[in-house]
Amino acid sequence: LAKTTQPISMDSYEGQEVNITCSHNNIATNDYITWYQQFPSQGPRFIIQGYKTKVTNEVASLFIPADRKSSTLSLPRVSLSDTAVYYCLVGARGDYGGFKTIFGAGTRLFVKA
Amino acid sequence: EAQVTQNPRYLITVTGKKLTVTCSQNMNHEYMSWYRQDPGLGLRQIYYSMNVEVTDKGDVPEGYKVSRKEKRNFPLILESPSPNQTSLYFCASSSPGNNEQFFGPGTRLTVL
């Protein structure tokens, strides 16, 4: 799996849009970008996955530039309940869990009132 | 309900006393993994399994054993626990071709 680099922590206020960027310079042609969210004392939860351009679901958007060497998770209008750790993973589709999987330290997002 | 279950949820034990943490999933997933989580270090993979009788080491396998005799179960065994294995442990399962792993509720282990 490709190595990823994310900010260690970020602060925001309720109602703001939050963008968390992940760098993955060594991404391979068949790699996908996947983001997980983890609340304290809970297991991570899948948020979104993409290969290129933009992906949007009910929780977040994922922006991937043409060179795919980075990606940005966008959380619209965050609330206090979005305070969590966010992990960026890069790997071939279906690689996770059945192969070596690297979560890294993630980005700790703290949303303030 | 589709889920991954772990038992026990909390365990306090002493150095050297063998223990097993069970993990079971009801989604017929081929892939299963064990992770440990320590403050500031994120999630680190201990062992993973592609299918029954197929397991391999993750990043931090020292001091742990696993077995995969049935598709739904993937127990984590600590033959001789030490204090540095005090951690929060998560089991996860997933399917081939799908990057969504489903995680269990976690097991908080303290080794004195």
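Above this text sits the structure in question.
Residues numbered from 1 in each chain as written. Chains lettered and ligands numbered in written order. Predicted model: local features only at pLDDT ≥ 70, side-chain atom pairs only at ≥ 80, totals over all residues. Heavy atoms only, no water.

Draft legend 1. Examining the overall build of chain B more closely. If you tally the helices and strands in chain B, you get zero helices and eleven strands. The N-to-C order of helical and strand elements in chain B reads β-β-β-β-β-β-β-β-β-β-β. Here chain B has a C-alpha radius of gyration of 13 Å; the compact-globule value for 112 residues is 13 Å, and the two agree. Considered along the principal axes of its C-alpha atoms, chain B spans approximately 40 × 30 × 25 Å. Counting only residues that meet the buried cut, chain B has 49% of its 112 residues in that class. Here the contacts in chain B between residues at least 6 apart in sequence split such that 54% fall between residues at least 24 apart. Total accessible area on chain B is roughly 5,200 Å²; 51% of this is exposed by carbon and sulfur atoms. The average position of the 12 basic charges and that of the 10 acidic charges among the side chains of chain B differ by 7 Å. (Helix = DSSP H or I, 4+ residues; strand = E, 2+ residues; numbered from the N terminus. Rg over C-alpha atoms; globule rule 2.2 N^0.38 Å. Buried < 20%, exposed > 50% of the residue type's maximum accessible area, 1.4 Å probe, protein only. Contact = heavy atoms within 4.5 Å. Areas by Shrake-Rupley, 256 points an atom, 1.4 Å probe, with all protein chains shown as cover. Lys, Arg positive; Asp, Glu negative; His and termini not counted. Charge placed at Lys NZ, Arg CZ, Asp CG, Glu CD.)

Draft legend 2. Quick peek at the sheet that holds strand β6 (residues 61-64) of chain A. All names here are of chain A. On the basis of which strands lie adjacent, the open sheet formed by four strands has the order β2-β7-β6-β5 and antiparallel pairing. In this open sheet, the two strands that pair with only one neighbour each are β2 (18-23) and β5 (53-56). Averaged over all pairs of adjacent strands, the angle between their axes in this sheet comes to 15 degrees, without regard to strand direction. Summarising the sheet, β2 and strand β7 (residues 70-75) pair through six bridges and their orientation is antiparallel. In the strand pairing of β7, Ser23 is matched with Ser70. (Pairing = 2+ DSSP bridges. Axes fitted to C-alpha atoms, helices over the stretch in contact; angles between N-to-C directions.)

Draft legend 3. Representation of the nonpolar core in the model. Ile33(A), Trp35(A), Leu73(A), Leu75(A) and Tyr86(A) are the most contacted members of the largest nonpolar core, which has 20 residues in total. By residue number, the principal contributor to this core is strand β8 (residues 84-92) of chain A, which donates four residues. Counting 19 residues, the second largest nonpolar core, distinct from the first, contains Met27(B), Val60(B), Cys91(B) and Val111(B). (Core = buried A, V, L, I, M, F, W, Y, C linked by side-chain atoms within 4.5 Å.)

Draft legend 4. Quick peek at the pattern of salt bridges. For the structure on display, the rule yields six salt bridges over all chains. One salt-bridge network, in which partners are shared between bridges, spans Lys18(B), Lys65(B) and Glu79(B). (Salt bridge = Lys/Arg side-chain N within 4 Å of Asp/Glu carboxyl O.)

Draft legend 5. Main features of the state of the cysteines. All names here are of chain B. Throughout the structure, instances matching the rule amount to two disulfides over all chains. The side chain of Cys23 participates in a disulfide bridge whose partner is Cys91; the two sulfur atoms lie 1.8 Å from each other. Here the S-S torsion is close to -70 degrees, and the disulfide linking Cys23 with Cys91 is therefore left-handed. Taken together, the residues Cys23 in strand β3 (residues 19-25) and Cys91 in strand β9 (residues 87-94) connect sequence positions 68 residues apart. The exposure class assigned to Cys23 is buried, which follows from its relative accessible area of 2%. (Disulfide = S-S within 2.5 Å.)

Draft legend 6. How the structure looks around the side chain of Ser49(B). Here Ser49(B) shows up in strand β5 (residues 42-51). In terms of polar contacts, Ser49(B) uses its side chain to reach the backbone carbonyl oxygen of Val54(B), at 2.8 Å. (Polar contact = N/O pair within 3.5 Å; in protein donor to acceptor, adjacent residues only side chain to side chain.)

Draft legend 7. Focus on the pairing of strand β4 (residues 31-38) of chain B. Residues and elements named next belong to chain B. Within β4, eight of the eight residues are buried, leaving the element largely enclosed by the surrounding structure. The alternating pattern of β4 places Tyr31, Ser33, Tyr35 and Gln37 and Met32, Trp34, Arg36 and Asp38 on opposite faces, both of which are buried. Taken together, the seven bridges between β4 and β5 define a ladder with antiparallel strand orientation. What sits directly across from Ser33, in β5, is Tyr48.

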